[in-house]
Each structure stands twice: as C-alpha cells, then as structure tokens.
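Analysis of the macromolecular model
Letter by letter, the chains look like this.
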Amino acid sequence: MQHPFEEFRDFVTVGHPLSPLVWFRLGGPAAYFAKPRSIDDLRGVLKRARDASIPFKLLGGGSNVLVRDEGVEALVIHMESPFFSDVTVDENRITAGAAVPLTALISQTARAGLAGLEILTGIPGTVGGALRGNAGSRQGAIGPFVNSVTVLDAGYEVQVRERDDLSFVDRESNLDEPVILSTVLELSREDPESVVRRMRRIWIVKKENQPYGHQSSGCVFKNPSPDVSAGALVDQAGLKGTRHGGAEVSDRHANFIIAHPGAKAADVLHLIDQIQQRVWQQFGYELELQLQIW
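Residues numbered from 1 in each chain as written. Predicted model: local features only at pLDDT ≥ 70, side-chain atom pairs only at ≥ 80, totals over all residues. Heavy atoms only, no water.

1. What to know about the overall build of the chain
Selection criterion: Helix numbering and strand numbering both begin at the N terminus, where a helix is a DSSP run of H or I of at least 4 residues and a strand a DSSP run of E of at least 2. Radius of gyration here is computed from C-alpha atoms only, and the compact-globule reference equals 2.2 Å multiplied by the residue count raised to the power 0.38. Any residue under 20% of the maximum accessible area for its type is buried, any over 50% is exposed, and the rest in between are partly exposed; the area is computed with a 1.4 Å probe on protein chains only.
Looking only at helices and strands, the chain features six helices and 20 strands. The C-alpha radius of gyration computed for the chain amounts to 20 Å, which stays within 12% of the reference 19 Å derived for 294 residues, consistent with globular compactness. Taken over the C-alpha atoms alone, the chain extends approximately 60 × 50 × 30 Å along its principal axes. Every one of the 294 residues in the chain was classed for burial, and the buried ones make up 50%.

2. Comments concerning the environment of F56
Note the threshold: Note on definitions: a residue-residue contact is assigned when non-hydrogen atoms from the two residues lie within 4.5 Å.
Its place among the elements puts F56 in strand β3 (residues 56-59). Taking the C-alpha atoms as reference, F56 lies 9.5 Å from V72; in sequence the two are 16 residues apart. Other than its neighbours up to four places away in sequence, F56 contacts L46, L75, I77, Y156 and P178.

3. As for the pattern of salt bridges
The condition is simple: Whenever a carboxyl oxygen of Asp or Glu lies within 4 Å of a side-chain nitrogen of Lys or Arg, that contact is scored as a salt bridge.
By the definition in use, this model includes 15 salt bridges. The partner of D10 in a salt bridge is R37, with the nearest N and O atoms 3.4 Å apart. Of this pair, D10 sits in the segment before β1 (12-17) while R37 sits in the loop between β2 (29-34) and α1 (39-51), and the two are 27 residues apart along the sequence. On the basis of relative accessible area, R37 is assigned to the partly exposed category, the value being 42%. Residue D235 pairs with K240 through a salt bridge whose shortest N-O separation is 3.6 Å. Each of R161, D165, D176 and E177 takes part in a single network of salt bridges with overlapping partners.

4. Looking at the sheet that holds β1
Our working definition: When DSSP finds at least two bridges between two strands, those strands are taken to pair. All axes are obtained by fitting lines to C-alpha atoms, using only the stretch in contact for helices, and the reported angles, taken between N-to-C directions, cover 0 to 180 degrees.
If you trace the four strands from one edge of the open sheet to the other, you get β1-β2-β5-β3, paired in mixed fashion. What marks the edges here is a single partner per strand, and that holds for β1 and β3. The sheet shows a mean angle of 35 degrees between the axes of neighbouring strands, direction not considered. Each of β1, β3 and β5 (72-78) is contacted by α1, which is oriented at about 165 degrees to β5, the strand it contacts most.

5. Some words on the environment of L175
Relative to the helices and strands, L175 is located in the loop between β14 (172-173) and β15 (179-186). Separated by 26 residues in sequence, L175 and V149 have C-alpha atoms that sit 8.8 Å apart. In contact with L175, other than residues within four places in its own chain, are L131, R132, V149, V151, R161, L166, F168 and I180.

6. Some points on the nonpolar core
Just so we agree on the cut-off: Here, nonpolar core means buried Ala, Val, Leu, Ile, Met, Phe, Trp, Tyr and Cys residues that are tied together by side-chain atoms lying within 4.5 Å of each other.
Counting residues in hydrophobic clusters, the biggest one holds 54 residues, and the most contacted among them are F5, L75 and L117. Here the element with the most residues in this core is α1; it accounts for five residues. Core analysis: the next-biggest nonpolar cluster, separate from the first, contains 25 residues, F24, L26, A263 and L291 among them.

7. Observations concerning the pairing of strand β11 (residues 146-152)
Burial of β11 is extensive: seven of the seven residues sit out of reach of the surface. Of the strand pairs in this sheet, β11 and β15 are connected by six bridges, and their pairing is antiparallel. Following the sheet pairing, L152 is matched in β15 by V179. Bridging between β11 and strand β12 (residues 158-162) involves five bridges; their strand directions are antiparallel. Its bridge partner lying in β12, S148 is registered against E162.

Listed below in structure tokens is the structure:
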C-alpha cells in the first residue's frame with residue numbers, strides 16, 4: 001500500500017527510529033518521520049497529515065521527551081535544517097530559528113556582548129521548546145526577553161505574534177499554535193567578558209546539582225510552586241536511588257530519572273507513577289510532568 005507521504009519521500013521516511021534523537025535513548029520508532037527543509041516542505045506534510053487524519057508531533061532537541069517502547073503512531077517532524085536554525089544579531093535584537101539549541105544561542109549572545117539569556121545556562125533543548133514551555137530556572141525565564149514569535153497557525157499560515165499578545169508564566173506560555181518557527185529576542189548590551197563569566201558561574205552550580213554521564217533528560221516534574229521544588233518532595237519521600245528495571249531516580253538530584261543500559265521506556269513510566277503516588281500520599285501534591293510522554 002502506498003504510504004500517505006509518498007510525494008514527500010525525499011524528506012519523509014517510514015518506521016524511523018527515535019531513540020537516538022531523544023536524551024533518554026529509549027523508545028520505539030515513528031510511523032512517519034519528516035525532516036522538512038523549508039516552510040513549504042513543512043506546510044506540505046502538515047496538510048497531508050491533516051487530510052489523512054494522521055496526528056503529528058514536533059521533535060526539537062529531545063531533552064524532555066520520553067518515547068514509549070511501542071513507538072509513536074504519528075508523523076514526527078524534526079526541524080533542524082539550516083532553514084530552522086538561523087541566528088542573526090542586529091544591535092540588541094537577536095532573531096533565532098526554533099531549531100537552534102538553547103546552549104548555542106546563549107553562548108552566541110554572550111560572545112556578542114548581549115546579556116540576559118545567560119540565566120538559562122545549562123537548560124537543555126531548542127529555542128522552540130524553550131518558548132513553548134517558557135524555559136527557565138530560579139534566576140528567571142526566557143519569556144521577558146521575547147519581542148515577537150513567528151508561528152504557523154492552525155490553517156498553516158505564517159503569523160507573527162507580538163509581545164502584547166504573548167503571555168509567559170511559570171513554565172508555560174500561551175503559544176498554542178501548531179508550530180513555532182522563530183523568535184526575536186531583545187537583550188541588553190554588556191561587556192562580553194562579564195556575561196561569559198556569569199554564564200560560567202551558573203554552569204558550575206548547575207553541573208554540581210545534575211546527574212552526570214548518564215542517559216537522562218531535563219527535569220521530569222514541574223515544581224508545584226515557586227517555593228516548592230519537585231526534586232525536594234521526591235527526595236523527602238525517600239525515593240532517591242529507587243530503581244525499577246533499568247531506570248533509577250538520580251541520587252544527585254531527585255527530579256531526574258536515569259536510564260541505565262538495558263532500560264525500557266516502561267521502566268521510566270513505572271518510576272514516574274510510583275513517584276507521583278508516593279508524593280501525593282505523603283505530601284498531598286499532585287506532581288505534574290514537565291516531561292512529554294509520546
């Protein structure tokens with residue numbers, strides 16, 4: 001049988017493995033996998049998916065995605081071509097494509113003598129994911145620096161959403177369009193050396209608190225409130241170091257789950273479930289996932 005994306009086969013493949021593309025290195029394949037090279041490619045496959053009633057998912061840096069062992073019955077779109085990862089600096093404004101890794105953007109702005117984004121040092125993922133989830137840390141989040149965001153709307157037309165129309169709150173934004181394409185960020189000028197110094201300081205602190213050298217992902221749970229940390233609750237529930245199959249709650253930071261060799265996505269899901277139940281029973285908090293489960 002002809003597959004629904006036949007005419008796009010120069011950039012769409014069938015049964016494509018996803019585990020190499022996500023931080024956990026776990027999970028099954030994507031039914032269909034697209035690497036669009038332009039907005040036209042992107043629009044074409046999205047419209048085809050809609051006509052064929054095939055759901056789609058966007059894959060960025062893969063730092064906050066856990067793919068189930070059986071894979072994803074959907075079109076997975078991986079935006080990474082040069083087209084979606086351009087960065088241009090114009091005085092104190094920076095335009096960045098959705099596929100730009102956050103780390104690359106932070107170091108580029110710091111070197112250009114633009115301050116602000118260094119508070120995001122050590123946060124994994126891409127610009128698109130950071131915007132949608134208002135990525136941040138205790139020092140602050142990306143939201144306040146956003147001047148505008150270019151998106152594909154529900155009709156797959158390009159729209160620019162201006163600052164006044166955007167809302168960024170704790171790890172959330174009102175960017176609900178199907179696809180984020182790029183953003184313009186407004187930063188302040190500062191001596192590059194002091195920005196880089198600050199970036200290094202934040203990086204050192206981050207590194208001390210995160211699991212190292214393991215297959216992990218970003219944080220698993222959202223903090224229930226600015227002053228209640230999910231990691232602290234998991235720790236107080238006595239779950240650090242808990243294992244199920246090949247998955248383990250990190251003993252360095254309880255809001256990370258480590259996948260050891262031989263782990264299955266089901267092991268991670270089992271641990272997530274166990275953590276949520278225990279924290280609810282002991283402290284009455286319903287931990288919400290920051291991790292996306294596909």
